[in-house]
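A look at the structure
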There are 4 protein chains.
Amino acid sequence: MINVKVVGASGYGGIGIIELLLKHPEAKISSLVAMESVGMPISQIWPHLTGFCDMEVTAPDDPRAQEPADVVFMATPDRVGMNNAAAELAKGAKIIDYSGDFRFNTAEEYAEYATRIGKDPVHAAPDLLPLSVYGAPELHRADINIDRKIVGNPGCFAISCILGLAPAANAKLFTPNSVICDCKSGISGAGKKLAATFHYPNRYDMMNAYKLAGHQHVCEVERELSKLAGEKIMLTFTSQVVPLCRGIMSCLYADLREDMTEEQVIEIYKEFYKDSPFVRVLPSTAAVGSMHVRGTNFTNLVISVDRRVRRLRVVSYIDNLVKGQAGSALQNMNLIFGLPETTGLDHPSFFP
Amino acid sequence: MINVKVVGASGYGGIGIIELLLKHPEAKISSLVAMESVGMPISQIWPHLTGFCDMEVTAPDDPRAQEPADVVFMATPDRVGMNNAAAELAKGAKIIDYSGDFRFNTAEEYAEYATRIGKDPVHAAPDLLPLSVYGAPELHRADINIDRKIVGNPGCFAISCILGLAPAANAKLFTPNSVICDCKSGISGAGKKLAATFHYPNRYDMMNAYKLAGHQHVCEVERELSKLAGEKIMLTFTSQVVPLCRGIMSCLYADLREDMTEEQVIEIYKEFYKDSPFVRVLPSTAAVGSMHVRGTNFTNLVISVDRRVRRLRVVSYIDNLVKGQAGSALQNMNLIFGLPETTGLDHPSFFP
Amino acid sequence: MINVKVVGASGYGGIGIIELLLKHPEAKISSLVAMESVGMPISQIWPHLTGFCDMEVTAPDDPRAQEPADVVFMATPDRVGMNNAAAELAKGAKIIDYSGDFRFNTAEEYAEYATRIGKDPVHAAPDLLPLSVYGAPELHRADINIDRKIVGNPGCFAISCILGLAPAANAKLFTPNSVICDCKSGISGAGKKLAATFHYPNRYDMMNAYKLAGHQHVCEVERELSKLAGEKIMLTFTSQVVPLCRGIMSCLYADLREDMTEEQVIEIYKEFYKDSPFVRVLPSTAAVGSMHVRGTNFTNLVISVDRRVRRLRVVSYIDNLVKGQAGSALQNMNLIFGLPETTGLDHPSFFP
Amino acid sequence: MINVKVVGASGYGGIGIIELLLKHPEAKISSLVAMESVGMPISQIWPHLTGFCDMEVTAPDDPRAQEPADVVFMATPDRVGMNNAAAELAKGAKIIDYSGDFRFNTAEEYAEYATRIGKDPVHAAPDLLPLSVYGAPELHRADINIDRKIVGNPGCFAISCILGLAPAANAKLFTPNSVICDCKSGISGAGKKLAATFHYPNRYDMMNAYKLAGHQHVCEVERELSKLAGEKIMLTFTSQVVPLCRGIMSCLYADLREDMTEEQVIEIYKEFYKDSPFVRVLPSTAAVGSMHVRGTNFTNLVISVDRRVRRLRVVSYIDNLVKGQAGSALQNMNLIFGLPETTGLDHPSFFP
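The following refers to the structure shown.

Calculation notes
- Numbers given to residues run from 1 along each chain, matching the order in which its sequence is written.
- Chains carry letters and ligands carry numbers; both start at the beginning, A for chains and 1 for ligands, and go up in the order they are written.
- Owing to the predicted nature of the model, reporting of local features is limited to residues with pLDDT of at least 70; listing and counting of side-chain atom pairs is limited to 80 or more, with chain, interface and lining totals taken over all residues.
- To obtain the side-chain values, all non-hydrogen atoms of the structure were used and water was disregarded.
- Here a helix means four or more residues in a row that DSSP labels H or I, a strand means two or more in a row labelled E, and each is numbered from the N terminus.
- Partly exposed residues are those whose accessible area sits between 20% and 50% of the maximum for their type, while under 20% is buried and over 50% is exposed, using a 1.4 Å probe and protein chains only.
- Throughout, a residue-residue contact means that at least one pair of heavy atoms, one from each residue, lies within 4.5 Å.
- Here the accessible surface of atoms and residues is derived via Shrake-Rupley with a 1.4 Å probe, and residues count as covered only by protein chains that are part of the display.
- In this charge count, Lys and Arg are treated as positive and Asp and Glu as negative; neither His nor the chain ends contribute.
- In this description, the location of a charge corresponds to atom NZ of lysine, CZ of arginine, CG of aspartate or CD of glutamate.
- Between rings of Phe, Tyr and Trp, where Trp is taken as its six-membered ring, a pair exists when centres lie within 6.5 Å; planes separated by under 30 degrees are stacked, by over 60 edge-to-face, and by other angles tilted.
- Fitted lines through C-alpha atoms serve as axes, helices being fitted only where they are in contact, and the angles separating the N-to-C directions of these axes extend from 0 to 180 degrees.
- Convention used here: angles under 35 degrees read as roughly parallel, angles over 145 as roughly antiparallel, angles from 65 to 115 as roughly perpendicular, and any remaining angle as oblique.
- In this count, Pro and Cys sit with the nonpolar residues alongside Ala, Val, Leu, Ile, Met, Phe, Trp and Tyr, while Asp, Glu, Lys and Arg are called charged and the others, Gly among them, polar.
- Accessible area that two parts lose when put together, evaluated with a 1.4 Å probe and summed over both, is termed the buried area.
- Here, a salt bridge means any Lys or Arg side-chain nitrogen found within 4 Å of an Asp or Glu carboxyl oxygen.
- Polar contact is defined as a pair of N or O atoms within 3.5 Å, subject to the rule that within protein one atom must be able to donate a hydrogen and the other to accept it, and that residues adjacent in sequence are counted only when both atoms are side-chain atoms.
- The criterion for strand pairing is that DSSP finds at least two bridges linking the strands in question.
- The least-squares superposition of copies is restricted to C-alpha atoms, and to residues with a pLDDT of at least 70 in both copies.

Regarding the overall build of chain A
- Secondary structure summary: chain A contains 11 helices and 14 strands in total.
- Across its three principal directions, the C-alpha atoms of chain A cover 65 × 45 × 40 Å.
- The buried share of chain A, taken over its 352 residues, is 66%.
- Considering only intrachain contacts with a sequence separation of at least 6, the fraction spanning at least 24 residues in chain A is 70%.
- Surface exposure of chain A reaches about 11,200 Å², of which carbon and sulfur atoms provide 54%.
- Charged side chains of chain A number 34 positive and 39 negative; the gap between the two group centres comes to 3 Å.

Describing the packing of aromatic side chains
- Tallied over the entire structure, the rule returns 46 aromatic pairs over all chains.
- Residues Tyr200 of chain B and Tyr204 of chain B carry aromatic rings whose centres are separated by 6.0 Å and whose planes lie at 10 degrees to one another, so their mutual orientation is stacked. Comparing Tyr200 of chain B with Tyr204 of chain B shows no difference in burial state: the two are buried.
- Linked through ring pairs, Tyr200 and Tyr204 of chain A, Tyr200 and Tyr204 of chain B, Tyr200 and Tyr204 of chain C together with Tyr200 and Tyr204 of chain D together constitute an aromatic cluster.

Here we look at the packing of helix H7 (residues 156-170) of chain A against helix H10 (residues 262-272) of chain A
Residues and elements named next belong to chain A.
- Interhelical geometry of H7 versus H10 gives an angle of 105 degrees and a closest axis separation of 9 Å. The angle between H7 and H10 places the two elements in the roughly perpendicular class. Contact with H7, carried on its side by Leu163, Gly164, Leu165, Ala166, Pro167, Ala168 and Asn170, involves Ile268, Tyr269 and Phe272 of H10 and no other residues of that element.
- Broken down by class, the residue content of the contact of H7 with H10 amounts to 8 nonpolar, 2 polar and no charged.

Thoughts on the interface of chain A and chain D
- Facing the 53 residues of chain A at the interface are 53 residues of chain D.
- Both sides together, the interface formed by chain A and chain D hides about 4,300 Å², and carbon and sulfur atoms give 56% of it.
- Looking only at chain A, the three residues that lose the most surface to chain D are Asp205, Met207 and Arg308 of chain A, adding up to 18% of its buried area.
- Glu222 of chain D is the partner of Arg308 of chain A in a salt bridge, and the nearest nitrogen-oxygen pair spans 2.3 Å.
- At the surface where chain A touches chain D, the tally comes to 40 residue pairs in polar contact (both at pLDDT 80 or more).
- Looking at the side of chain A that touches chain D element by element, the count peaks at 5 residues for strand E10 (residues 235-241) of chain A.

Looking at helix H1 (residues 12-22) of chain C
- The buried count for H1 of chain C comes to 10 of 11 residues, which makes it a mostly enclosed element.
- For H1 of chain C, every residue scored as buried is listed here: Tyr12, Gly13, Gly14, Ile15, Gly16, Ile17, Ile18, Glu19, Leu20 and Leu21 of chain C.

Some words on the pairing of strand E12 (residues 279-282) of chain C
All names here are of chain C.
- Alternating positions in E12 separate into two faces, Val279 and Val281 on one and Arg280 and Leu282 on the other, with burial throughout.
- The pairing of E12 with strand E13 (residues 299-306) spans 4 bridges and is parallel. Residue pairing in the sheet places Arg280 in a bridge with Asn300 of E13.

Things to note about the interface of chain B and chain C
- Contacts between chain B and chain C engage 54 residues on the former and 53 residues on the latter.
- For the pair chain B and chain C, the summed buried area comes to about 4,200 Å², and 56% of that belongs to carbon and sulfur atoms.
- Interface area lost by chain B to chain C is led by Asp205, Met207 and Arg308 of chain B, which between them contribute 18%.
- Counting every contact that joins chain B to chain C gives 6 salt bridges.
- In the side of chain B that touches chain C, the residues fall into 28 nonpolar, 15 polar and 11 charged.

With respect to the relation of the copies chain B and chain C
- With an RMSD of 0.0 Å, the operation that places chain B on chain C is a rotation of 180 degrees combined with a shift of 0.0 Å along the axis. The relationship between the two copies is best expressed as a two-fold rotation axis. Relative to the rotation axis, the closest C-alpha in chain B is found at Pro243 of chain B, a distance of 3.1 Å.
- Looking at chain B, 98% of its interface residues are interface residues in chain C too, so the copies touch through the same face.

Topic: the sheet that holds strand E9 (residues 208-210) of chain D
Residues and elements named next belong to chain D.
- Taken in spatial order, the 7 strands make up an open sheet running E9-E10-E8-E11-E14-E13-E12, and their pairing is mixed. Two strands in the sheet have a free side with no partner beyond their single neighbour: E9 and strand E12 (279-282). Across this sheet, the average inter-strand angle for adjacent strands is 20 degrees, counted without regard to direction.
- Across the sheet, helix H10 (residues 262-272) lies against E12, strand E13 (299-306) and strand E14 (311-318), angled at about 150 degrees from E13, the strand it touches most.

Comments concerning unusual backbone geometry
- Across the junction of Phe351 of chain B and Pro352 of chain B, the peptide omega takes the value 0 degrees, indicating a cis bond.
- For Pro352 of chain B, the location among the structural elements is in the segment after helix H10 (322-336).
- Residues other than glycine seldom take positive phi values, yet Arg310 of chain A does so here, at roughly 55 degrees.
- Counting through the fold element by element, Arg310 of chain A comes out in the loop between strand E13 (299-306) and strand E14 (311-318).
- The class for Arg310 of chain A is partly exposed, based on a relative accessible area of 38%.
- Although it is not a glycine, Arg79 of chain D sits at a positive phi angle of roughly 80 degrees.
- Inspection of the secondary structure assignment puts Arg79 of chain D in the loop between strand E4 (71-74) and helix H4 (80-90).

Topic: the pattern of salt bridges
- Tallied over the entire structure, the rule returns 86 salt bridges over all chains.
- Measuring nitrogen to oxygen at the nearest pair gives 3.0 Å for the salt bridge that ties Lys323 of chain C to Glu138 of chain C. Taken together, the residues span a long stretch of sequence, with Lys323 of chain C in helix H10 (residues 322-336) and Glu138 of chain C in helix H5 (residues 137-140) at a distance of 185 residues. Residues Lys323 of chain C and Glu138 of chain C agree in their burial class; the two are buried.
- One salt bridge in this structure joins Arg64 of chain D and Asp62 of chain D, with 3.1 Å as the shortest N-O distance.
- What makes Arg64 of chain D partly exposed here is its relative accessible area of 43%.
- Put simply, Glu109, Arg223, Glu224 and Lys227 of chain A are held in one network by salt bridges that share partners.

From the geometry alone we can't say anything about function, so treat these as descriptive.
Here it is as structure tokens:
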């Protein structure tokens, strides 16, 4: 059994990985760490876990929180992972970090990212950056292997955009600066932190775009697509929030270099994802939506081509808390422990 | 493996049992029968099942629909079960019926029920009624056994009320005609049939009481409580619909014969349910709600006593589609096949 | 024109009265006072008012906040009104207070109420209590007159219960301790204060009962009904929250002294409310719900009798922010300034 | 007083104009016509109108339905308006039609539009087409005048896109085929017709894109923008539905011909709309959303420029049932009767 420590256990990112781990046949939770609700059983914070996981939440400085584990999920805000990774690595753990801390491999890249979104550009553990890999198995499966020490888990919007455009970028189908990512998220994407904008009466009949000046997930999308395309890609990104709980729907647009049919694009996508069990490539007529991936690790990609203006459009659906967070994290854990990547993740959605 | 036929596969009751069966270690679906969507893979009706269950839906008169099975779930409206049970029994199947068809054991009782709700009082298979049991394991576990041929699965509102008041009725704590059941259901309780009242814009900011003249679940609640109390109990029942998807919250009131404390009542409830793994008895201060049983077979009972007026109040929470329907059905299947009643049902809710 | 000061302008109670005042032909807002958002135009806090009300919000100690007005709406928490009423009265204003501060006429009554809900029992301005009237025009119209200085505006749950049972209490139809108020509110009832329980992801598919030990609105319901009935009435009250924005649905139960028909009860109710333009009395077959009073000052009462057990049931629907708060407040303002009580309130709901 | 006939009174488009007309000082409803609910008072179909509008709904062939009126709102599906306009014109009425029937001025243009969306290309009243004007006052105010006989009211998505890009098209800021309209609508946009996709349980936690092959509103957007730009504009359009009731949020993208600042674009927009009381031009930092125009005739335009890739982005918010339908219709009525365009429409939104 893989012993798992979850840091940031009391947030949505924490509860997400706990729920998945409870169903995982090869892993077991060895400790739950958080800054809030310390000393309480996790089932007091999340009563739906009563009888399934009643483990006490410990503070980071509690000896129980410092016991070694095989893997540590850092379901924590920026800079927590980078400040704690070395100690965990020293105890023999592997790290899977949810934040932006380990999504870049050099201090320069990190600094550029941090500067762009107005954060401290100095990484606290620059020497660890080369040990990390960007946790998108569909692109970097070979590098997410048993020798890997650190995984920088992707951002939720980011992975929906990257998976939606990767095959097209890889095949150099579109012109570099024509990419637009119009992304809508359910409200759980903002986590459990209270904010007026997510207070029920302010939100139930409300949708809006936000952070028009630049969202923190743009850099990783541009980096991944640029690598695949072999040229610098810059994109326009619009983050939006709509009144539902779980789900991301990203409409992705790019100008095709040449006239192509939907079928030709679909073929390229299917080939690209032929070994990726969690990606479904669908035609423009597919009657699917965010509900069909809810609670799962799947990405549904609906492909269409607007041939009048030679434009590719991909509608990418994920569950922001699963493929967009805890599910990807577990998929990455499976890979760095040599397990099939679907272990513990191979279940359908529920309805209604 | 138990071979399972699901009749009424394309409704919410059908999808509910299909989802549960896909996770059940001892059962497998052998055929899916419905009047609608015949010839389509079930995953075309419910795209979230793609890759998990792609079995074709067959019409009732299709030879494949008539193959024998070990158990048949009749997830069908009134009178379908009573008209088809004999044929299935003859082929060696057991029957678990979701409707009111097998909730009563005599033609007279059935006639009284049917008359009260304005339906044809003549049961189509009166000779089968003595073979059936009312599928509330918490009350009739001993009778839901491997010799049992037919289970009349409880109504969703009914089971929430019965479990909420059974220990008090059994201990004769309250006066017979003082019972009030004030019941609120999420919208999935009405099934997938379209109706103006469940059209999103008509419902998103709307709640209402309905069927004030009498709901079809009242009879079975009165019957079960009367049996336990050893005297005739008549109750006032108010069915209400509120704008959420899954969940029933029933507020149950009854006048206590004697002054009692909350703690005394809780003790009686805990004793009554000590062998019932799906019932949780909680004090009045418990911070729980419908979300904490969502997707599960649990019943959460919050007990309080209004001592000023000597009144018992129980707030009973279930998921109307699980404990209120498919979950109870599977729990009953487990019992009539000699399996632990928690098999395939022993999972927590999800959040958020 | 009536000059109006709104204290607590930045909350839901404040915005509610501002919206109504903007449509009122005889009143105009002269100042907006709040503790938060001081110095901002109200349309920056509530952007939907842009161009309609851009008045600056002033702090309580700002000289502009202390200018005299003809009427002051205290849309404020407990104890703010009682601490500020004397000063406003001295400047010639009348007071309409939203809190519990002026709902009782003696220090003893207030102390009993405050004690029961765990608050400081000592009223800060006991000498003002005899000047106030409980602001239920349907019961106290004659006392809400141009000589009145202070109105204690009713609680939202309270007014729904009182209007639902007043005619029956007045006609002594029911036994005193048989009353049960099973009350559900939309989330706006909790105001704009952030709380985990009203964070969208925690609430969208969630309903629950709360404050089972006793809600702050019980005292005023018992007081009003007892007065009408001429005997002490004690009731069981269950406050619940369901996931919609606006609306209260209170199911009210009481044991009839004698067998009666629905029609007889309706006649009594219609007679009682014959001069009350905002109350509609409806039969048990009426297809109405919370949406049909949304945004209005109406109360819809659906009457039914469960003759098997001789029990009256009234389902009372209001908009918690209008009849339950700002609408009642404006209705009271109209009366204490000698205007028709419907002035500025005589508009239908909107749909969908 | 302007006598108004509403055809299609029982749908959302009908109720929308009825609600507005009840507040209009210069108009009164003279008849309500519909195919459904004939013979019922409109307040039985829409109980929230009780006491405000209890007029009977008449069938189209009822003599009362054929009485002359000053203006007829055709809140009807395609081809109803074109088949009935001549008769109404002959009786002296003006026509305001909600469908695509009168949005084009020549049979050829209509045929192209109808063909593109798979409908009968032959217009039933081609001779009337030159009498009509496209009902976007912000663009065609001078032509929506007292001599005008027919107004083709804009599509809801269409008007959100046209108003969002008109100033930029007019100033020739962008390249012709770079336009993308990514449009999300609340569910009321689909009207009151029942559909599985709008059944509450299928929609409450669901969003999806639809009609990827082409939406019926694209033609009018391309036509209007092309006219303004003086060159043929072809755009990619994505219609999406999200789980709220009222609101459209359209994210509009276009490649700027030259580098420009947000301020420069805002200045151009403000100048363009300086005489348009219902359009607000806002900077990228404005904290607004669909709720801030809910229930109103306003369009909120949030302007931003992605200078890295020289791309204009406008987020356009309207209420799909007001500015997107009945509100525009009333604004057009005001203009063709020589009234100020804000008459009866000059009210703020409500909150929450």
